[in-house]
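Observations on the three-dimensional arrangement
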Amino acid sequence: MSLEYISIKNRAKTTLIEKKSRFIADAKNVISEEEARAFLSEIKSEYPDASHHTYAYVIGKQVPAARYSDDGEPHGTAGLPILDVLKNKGITDTIIVVTRYFGGTKLGAGGLVRAYSKSAADCMAAADVVKHIPGTIFSIETDYHNLGKIKNYIEKAGYGVEGEDYSSHVIIRTLVPDMETDSVKTKIADLTNATAVVIESAKKYIDTEV
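Now for a description of the structure that goes with this document. (Residues numbered from 1 in each chain as written. Predicted model: local features only at pLDDT ≥ 70, side-chain atom pairs only at ≥ 80, totals over all residues. Heavy atoms only, no water.)

1. Overview of the environment of Ser201
One can find Ser201 in strand β10 (residues 197-209). Here Ser201 falls in the partly exposed class, since its relative accessible area comes to 40%. On a C-alpha basis, the gap between Ser201 and Arg173 in space is 9.3 Å, while along the polypeptide they are 28 residues apart. (Helix = DSSP H or I, 4+ residues; strand = E, 2+ residues; numbered from the N terminus. Buried < 20%, exposed > 50% of the residue type's maximum accessible area, 1.4 Å probe, protein only.)

2. A short note on the sheet that holds strand β4 (residues 52-59)
If you trace the five strands from one edge of the open sheet to the other, you get β2-β3-β6-β4-β5, paired in antiparallel fashion. Both outer strands of the open sheet, β2 (12-18) and β5 (65-69), are each paired with one neighbouring strand and no more. Neighbour-to-neighbour, the strand axes of this sheet turn through a mean angle of 15 degrees, independent of strand direction. Sheet analysis places β4 next to strand β6 (residues 94-101), joined by seven bridges and oriented antiparallel. Looking at the pairing, Tyr57 lines up with Ile95 of β6. (Pairing = 2+ DSSP bridges. Axes fitted to C-alpha atoms, helices over the stretch in contact; angles between N-to-C directions.)

3. A look at the nonpolar core
For soluble globular proteins, nonpolar side chains are generally found buried alongside one another. Of all hydrophobic cores here, the largest spans 26 residues; its most connected members are Phe23, Ile82, Ile96, Val98, Tyr116 and Met124. Within the residue set of this core, elements represented by two or more residues are β1 (5-8), β2, β3 (21-29), β4, α2 (79-88), β6 and α3 (108-126). The greatest single-element share of this core, amounting to six residues, is contributed by α3. Once you skip the residues sitting within four places of it in the chain, Ile96 turns out to touch Asp26, Ala27, Thr54, Tyr55, Ala56, Ile82, Leu86, Ala120 and Met124. (Core = buried A, V, L, I, M, F, W, Y, C linked by side-chain atoms within 4.5 Å. Contact = heavy atoms within 4.5 Å.)

4. Digging into the packing of aromatic side chains
Evaluation of the coordinates by the stated rule reveals six aromatic pairs. A ring pair is formed by Tyr153 and Tyr159, whose centres lie 6.5 Å apart and whose planes are at 75 degrees; its orientation type is edge-to-face. Considered together, Tyr153 and Tyr159 belong to a single accessibility category, that of buried residues. The side chain of Arg22 reaches across the aromatic face of Tyr101, ending 4.7 Å from its centre. The positively charged end of Lys61 is found above the aromatic ring belonging to Tyr5, 4.6 Å away from the centroid. (Phe/Tyr/Trp six-rings, centres within 6.5 Å; stacked < 30°, edge-to-face > 60°. Lys NZ or Arg CZ within 6 Å of the ring centre and 35° of its normal.)

As structure tokens, this is what we get:
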């Protein structure tokens, strides 16, 4: 599994008024460029009479793909400032579309950069930003005698129980951050006098709030 990364969980929307121009920022979690383009089309359909639909997105973990568009605004005044907000926060798998309704007063290049930057930043502040940490599901097979000790340790450590199977023995499944797998194995061995069997199974990201 790849390294940890940061994205947003929910769709977010904010509105900024600057000299009678209205900037509506919409953000969404996307995992492909096709999803990003589909969201852009959705926003364009929602605001068909808008002056501009500028956007930026970053997709991918190891080598992210980044795209942006000024959509008719002066070069470098809209899409790039939006992209900078995503990059400065280290956010990936996310698109921000900022829709502008022109209010009749020109903002100038500097004013546009500030407006689009603030609009994108406000939208990210309104979103649930999540850090995804690589983890491994442990299947721990133990006897009933050691069950309570293992469950107590897992819950106090904050890992939580993913599932349990009961027969002549018990199998407890828990999700452990990859950076802590060795220490968890050692602790389980200590608690059970090395009688419990720990099997690493599926990989899964652990979501934590930023």
